[in-house]
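Chain and residue survey
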Amino acid sequence: MALHRRFLRYVMVAVAPALAAGCATLDDPYGPYYGDTGPARPYYYPSSPAITVYEQPSVIYTAPPPGWRAEAWREHQWREARERERRLEQQRRDFERQRDATRHDADRRREAERRDWERRRDQQEAQRREWEQRRAQEAERRRQEQAERPSPRPLTNLEREALERGVRPAPYWQR
């Protein structure tokens, strides 16, 4: 790869003028081992390089065509240049308007997503509170049912005194 770059640099600096004039040819830089089996064929480069124009110039002065007065031709060119500038300005405004509309849509979508997320979060919080409230009500209902349910056997004096003090006595089978 480095050999190829050096070769191209050599061609561009030293050989390009001679090639452009048509006075020189180039041999295969890789030799007969990598190229064809016969002698290396010369490379011929075009006399003019390709030119890529990226942007059209805004105003190009040209001579008036036959039949036009010079002032009328200049005015015609000036009008065309102004029209081109107006079209470019309109395209720029349209692009900015489209960009702003796209940004506005994206902002609205983000805001709607945020509101939706907050609504879901609030719903989950309300469901959690409702569940805790139902759980507490169910526990209270079970405690009341158990308090109202008669004991399978009467309490002894020792058990009754422990309950009055707030201490839960050990079950009778563990005593």
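Residues numbered from 1 in each chain as written. Predicted model: local features only at pLDDT ≥ 70, side-chain atom pairs only at ≥ 80, totals over all residues. Heavy atoms only, no water.

Re the overall build of the protein chain
Selection criterion: The numbering of helices and of strands both runs from the N terminus, where a helix is a DSSP run of H or I of at least 4 residues and a strand a run of E of at least 2. Think of it in three bands: residues with accessible area under 20% of the maximum for their type are buried, residues over 50% are exposed, and the middle band is partly exposed, with areas taken using a 1.4 Å probe on protein chains only. Computed with the Shrake-Rupley method and a 1.4 Å probe, the accessible areas treat only the protein chains shown as cover for residues.
Each helix and strand in the protein chain was counted, giving four helices and zero strands. Residue burial in the protein chain is summarised as follows: out of 175 residues, 6% are buried. Within the structure as shown, the protein chain displays about 16,300 Å² of accessible surface, and the carbon and sulfur contribution to it stands at 54%.

Things to note about helix α3 (residues 70-148)
How we decide: Expected span of a helix: the number of residues minus one, times 1.5 Å.
For α3, built from 79 residues, the straight-helix expectation of 117 Å at 1.5 Å per residue is met to within 8% by its first-to-last C-alpha distance of 116 Å. Residues of α3 that are buried: Trp73, Gln77, Ala81 and Ala106.

Overview of the pattern of salt bridges
Defined as follows: Any Lys or Arg side-chain nitrogen located within 4 Å of an Asp or Glu carboxyl oxygen qualifies as a salt bridge.
Applying the stated criterion across every chain yields a total of 24 salt bridges. Salt-bridge contacts for Arg143 lead to Glu140; the nearest nitrogen and oxygen are separated by 2.5 Å. Of the two residues, Arg143 and Glu140 are both situated in helix α3; the distance of three residues between them amounts to about one turn of the helix. We classify Glu140 as partly exposed; its relative accessible area is 33%.

Thoughts on the confidence of the model for the protein chain
Worth spelling out the cut-off: In predicted models, pLDDT denotes the confidence assigned by the predictor to each residue on a 0 to 100 scale.
Averaged over every residue, the pLDDT of the protein chain is 77; the share at 70 or more is 60%. Within the protein chain, helix α2 (residues 31-34) has the poorest average pLDDT of any element, 54, and α3 the best, 93.

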